[in-house]
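One letter stands for each residue in the lines below.
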Amino acid sequence: MSHLPTRPRDPQNAAVRFVSALIVEDHPLFCDALAMTLRATVGISSIATASSLEAATVEITENPAPDVVVLDLNLPDVQGLDGLVRLHTATPAPILVVSSMADNRIISAAIHAGAAGFVPKHSQREIYASAFEAIARDIPFVPPGYDLLQQDTDVNDAASRLSKLTNQQGRILQLICEGKLNKQIAYDLSIAETTVKAHVTAIMRKLGVQSRTQAVLIAKETSFANVLQDLG
């Protein structure tokens with residue numbers, strides 16, 4: 001992973017604003033193609049890559065924040081929108097989701113979870129250029145043909161609630177979803193059990209729920225299986 005230089009951002013010029021990028025993508029060939037697209041279309045000169053959420057988190061922790069994060073939703077160490085939610089709390093950089101799962105509901109949920117934009121994989125370069133122009137002006141970007149009327153209110157609400165969690169709280173909620181108890185979570189994260197309890201309380205408060213079971217249901221609401229369950 002490379003060190004990412006930064007430059008003052010100019011909201012009127014995407015090519016000036018976006019100098020560095022972090023691509024989070026586990027398919028090497030597409031990652032390389034995406035890097036070429038960013039260099040040719042946006043003028044990004046410094047690109048770091050990560051093949052998992054864990055690697056992306058390390059990159060963000062150890063180096064200055066990139067100007068933009070380009071994220072694939074379907075990573076080996078995340079479920080549903082979890083990677084987006086956790087990166088959104090870990091970095092101030094805007095996150096552009098680039099995914100092959102480009103259903104209206106997933107696009108809507110991703111935007112509600114904090115994505116600055118969404119581009120379907122294998123889009124033409126013009127779409128990527130339009131996305132960065134919009135993001136540079138702090139305008140959420142959705143692809144042409146996106147139907148604002150076809151949204152899942154429950155999923156959007158769940159995504160919005162999850163976006164309020166800190167990165168550590170997101171990790172703890174993921175472990176809760178795996179059925180782990182506070183003592184096991186404390187061991188896995190190398191923190192005190194009392195700290196875990198405090199985080200769990202904060203998680204339930206932010207999600208507006210009264211129990212761990214309800215928190216798990218909110219998290220599962222944003223899983224891809226749930227988002228797509230009614231699609232024919």
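For clarity, every value in this text was computed on a predicted model and none was experimentally measured.

## Focus: the packing of helix α9 (residues 182-189) against helix α10 (residues 193-207)
- Two numbers describe how α9 lies on α10: the axes approach to 8 Å, and their chain directions differ by 110 degrees. Relative to α10, the element α9 is oriented roughly perpendicular. Regarding α9 and α10, the two cross each other, and that crossing is right-handed. Each of N182, K183, I185 and A186 in α9 lies in contact with α10, whose residues at this interface are E193, V196, K197 and V200.

## Some details on the side chain of T37
- Summarising the element assignment, T37 is placed in helix α2 (residues 28-42).
- Since its relative accessible area comes to 12%, T37 is described here as buried.
- In this structure T37 touches V42, R125 and Y128, once residues within four positions along its chain are discounted.

## Things to note about the sheet that holds strand β3 (residues 68-71)
- One open sheet accounts for five strands, arranged β2-β1-β3-β4-β5; its pairing is parallel. Strand pairing shows two members of the sheet lacking a second neighbour, β2 (46-50) and β5 (117-120), which therefore form its edges. Taking the axes of each pair of neighbouring strands and ignoring which way they run, one obtains an average angle of 20 degrees across the sheet.
- Strand direction decides the pairing type here: strand β1 (residues 20-24) and β2, joined by five bridges, are parallel. Following the sheet pairing, I23 is matched in β2 by T49.

## Concerning helix α11 (residues 212-221)
- All of the buried residues along α11 are A215, V216, I218 and A219. Buried positions in α11, seen along its axis, are confined to an arc of 160 degrees and lie on one side of it. Pointing more than 90 degrees away from the buried face of α11 are the exposed residues T213 and L217.

## Notes on the confidence of the model for the chain
- Across the chain, pLDDT averages 83, with 84% of residues at or above 70.
- Scored below 50 in pLDDT, residues 1-12 shows 39 contacts in the model against residues more than four places distant or in partner chains.
- Segment residues 227-232: pLDDT under 50, and 10 contacts once partners within four positions in sequence are set aside and those in other chains are kept.

## As for the packing of aromatic side chains
- Across all of its chains, the model carries one aromatic pair by this definition.
- For the pair F18 and F132, a centre-to-centre distance of 5.1 Å together with 75 degrees between the ring planes defines the contact as edge-to-face. Residue F18 is found in the loop between α1 (14-17) and β1, and its partner F132 is found in helix α6 (residues 125-136); the two are separated by 114 residues along the sequence.
- For the cation-ring pair, K121 lies above F30, with the distance from its terminal atom to the ring centre recorded as 4.7 Å.

## Overview of the UniProt feature "modified residue: 4-aspartylphosphate" (unreviewed entry) in the chain
- Residues annotated by UniProt as "modified residue: 4-aspartylphosphate" (unreviewed entry) correspond here to D72.
- Tracing the backbone shows D72 in the loop between β3 and α4 (82-90).
- Under the relative-accessibility criterion, D72 is labelled buried at 4%.
- Contacts of D72, omitting those with residues within four sequence positions, involve V24, E25, D26, V98, S99 and K121.

## Details of the pairing of β5
- Alternating residues of β5 divide into G117 and V119 and F118 and P120, and every residue in both groups is buried.
- With four bridges connecting them, strand β4 (residues 95-99) and β5 associate as parallel partners. Across the sheet, V97 pairs through a bridge with F118, a residue of β5.
- For the segment spanning β4, helix α5 (residues 104-112) and β5, crossover handedness is right-handed.

What counts, and at which threshold
Residues numbered from 1 in each chain as written. Predicted model: local features only at pLDDT ≥ 70, side-chain atom pairs only at ≥ 80, totals over all residues. Heavy atoms only, no water. Axes fitted to C-alpha atoms, helices over the stretch in contact; angles between N-to-C directions. Helix = DSSP H or I, 4+ residues; strand = E, 2+ residues; numbered from the N terminus. Parallel < 35°, antiparallel > 145°, perpendicular 65-115°, else oblique. Left-handed = near helix turned anticlockwise from the far one by under 90°. Contact = heavy atoms within 4.5 Å. Buried < 20%, exposed > 50% of the residue type's maximum accessible area, 1.4 Å probe, protein only. Pairing = 2+ DSSP bridges. Arc of directions from axis to C-beta. pLDDT = per-residue confidence, 0-100. Phe/Tyr/Trp six-rings, centres within 6.5 Å; stacked < 30°, edge-to-face > 60°. Lys NZ or Arg CZ within 6 Å of the ring centre and 35° of its normal. UniProt positions renumbered as here; feature names shortened; annotations may be inferred. Right-handed = clockwise from strand over helix to strand, strands pointing away.

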